[in-house]
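# Residue-level structural notes
Listed below, chain by chain, are the residues.
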Amino acid sequence: MVAVAHGSRDPRAAATVSALLDAVRARRPDVPVHASFLDHAPPAPDRVLDGLAGDGADEAVVLPLLLTAAYHSKTDIPGVLNRVRGRYPRLVLRTADTLGPHPLLLDALERRLSDAGVAPGDPDTAVVLASAGSSDPSANAVIARLARRWRARGWRDVVPAYATAARPAPAEAVRALLDAGAPRVAVASYILAPGHFADKVRRESLAAGAAAVSPALGAAPEVADLIVHRYAAALEAFRTAAAV
């Protein structure tokens, strides 16, 4: 498995990815798991795949550690795979789905809110589901659908927000919910690892009146379970296609 994370100049991000992949290795000790990063941190996925091919590997599952399907999963990662296939045509590369959306991520979000002192499904608490945001409208629409699905778990309300590239910003969403009469507003960080966006969401949301802001999802057990699930699903899809 070659896990591909976004990457950050913040060293906490790479450390979090490392901890998450350690949890994956504990679940699948039979699978060699390698970390890679698209930006700002080594190693790049091309370099990891080149190394595996040079060591004699004949197949790999490339698994995006991305919470929505947007530019990185639709353009950057396919570009990497095309370049590597050109250099190593015998290396079989399979691509897993992005992590989100998936119900396990809602469980992870509730775990992190609980870590911040917010009881899951509290009917007096409105939640802002804060993502990094994307220039891809379809990716932002996924966050909006996820918020609607999560609302059914008992919260007073759940609304989407975006740290960049789309509106509302998390602070705007917090103020709107408070103005609408919510007794308490909590912000759920739909962000994989700590860094610029997680810090921005926390700082601005608290300034706008949020009672709590959850930490990044990080190495939550549900995220590790989801990675294992995406890996197995990619293998099964390949076997199914080969049998047709």
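Residues numbered from 1 in each chain as written. Predicted model: local features only at pLDDT ≥ 70, side-chain atom pairs only at ≥ 80, totals over all residues. Heavy atoms only, no water.

An unreviewed UniProt entry lists the chain under the name Sirohydrochlorin ferrochelatase, with Actinomadura mexicana given as the organism.

### Re the domain arrangement of the chain
Per the domain assignment, the segments making up the chain are domain 1 (2-99 + 220-242) and domain 2 (103-213). The interface of domain 1 with domain 2 comprises 18 residues on the first partner and 19 residues on the second. For the domain 1 and domain 2 pair, buried surface summed over both sides reaches about 1600 Å², with 69% attributable to carbon and sulfur atoms. Remark: the boundary between domain 1 and domain 2 carries three salt bridges. Between E222 and R111 there is a salt bridge; the shortest N-O distance is 2.9 Å. Remark: the boundary between domain 1 and domain 2 carries five residue pairs in polar contact (both at pLDDT 80 or more). Every element with two or more residues in the side of domain 1 that touches domain 2 is listed here: α1 (11-27) and α8 (221-243). For the side of domain 1 that touches domain 2, the element with the highest residue contribution is α8, accounting for five residues. Tallied by class, residues from the side of domain 1 that touches domain 2 come to eleven nonpolar, two polar and five charged. (Domains from an automatic or database assignment. Contact = heavy atoms within 4.5 Å. Buried area = accessible area lost by both parts, 1.4 Å probe. Salt bridge = Lys/Arg side-chain N within 4 Å of Asp/Glu carboxyl O. Polar contact = N/O pair within 3.5 Å; in protein donor to acceptor, adjacent residues only side chain to side chain. Helix = DSSP H or I, 4+ residues; strand = E, 2+ residues; numbered from the N terminus. Nonpolar A, V, L, I, M, F, W, Y, C, P; charged D, E, K, R; others polar.)

### As for the nonpolar core
Counting residues in each nonpolar core, the largest one holds 50 residues, and the members touching the most others are L65, L129, W150, Y190, V223 and I227. Residue contributions to this core peak at eight residues, all from α8. Split by domain, the residues of this core number at least three in each of domain 1 (2-99 + 220-242) and domain 2 (103-213). V159, V174, L177 and V185 belong to the second-largest nonpolar core, a separate cluster that totals 19 residues. (Core = buried A, V, L, I, M, F, W, Y, C linked by side-chain atoms within 4.5 Å. Buried < 20%, exposed > 50% of the residue type's maximum accessible area, 1.4 Å probe, protein only.)

### Points about the pattern of salt bridges
Taken as a whole and judged by the stated rule, the model has 16 salt bridges. For D199, the salt bridge is made with R12, and the minimal N-O distance between the two is 2.8 Å. Here R12 lies in helix α1 and D199 lies in helix α7 (residues 196-207), a separation of 187 residues in the sequence. Owing to a relative accessible area of 36%, R12 belongs among the partly exposed residues under this scheme. For R25, the salt bridge goes to D22, with nearest N and O atoms at 2.8 Å.

### Here's the deal with unusual backbone geometry
With omega at 0°, the peptide bond leading from P42 into P43 counts as cis. With respect to the helices and strands, the residue P43 is situated in the loop between β2 (34-37) and α2 (45-54). Geometrically, the link from R167 to P168 is a cis peptide bond, its omega value of 0° lying close to zero. Here P168 shows up in the loop between β6 (157-162) and α6 (170-179). Even without a glycine there, the phi angle at H40 is positive, about 70°. As for its position among the elements, H40 is in the loop between β2 and α2. Non-glycine residue A165 carries a positive phi angle of around 75°. Under the relative-accessibility criterion, A165 is labelled exposed at 55%.

### Observations regarding the packing of aromatic side chains
Overall, the coordinates contain one aromatic pair when judged by the stated rule. Centroid distance W150 to W155: 5.7 Å. Interplanar angle 75°. Geometry classified as edge-to-face. For W155, a relative accessible area of 5% corresponds to the buried category. (Phe/Tyr/Trp six-rings, centres within 6.5 Å; stacked < 30°, edge-to-face > 60°.)

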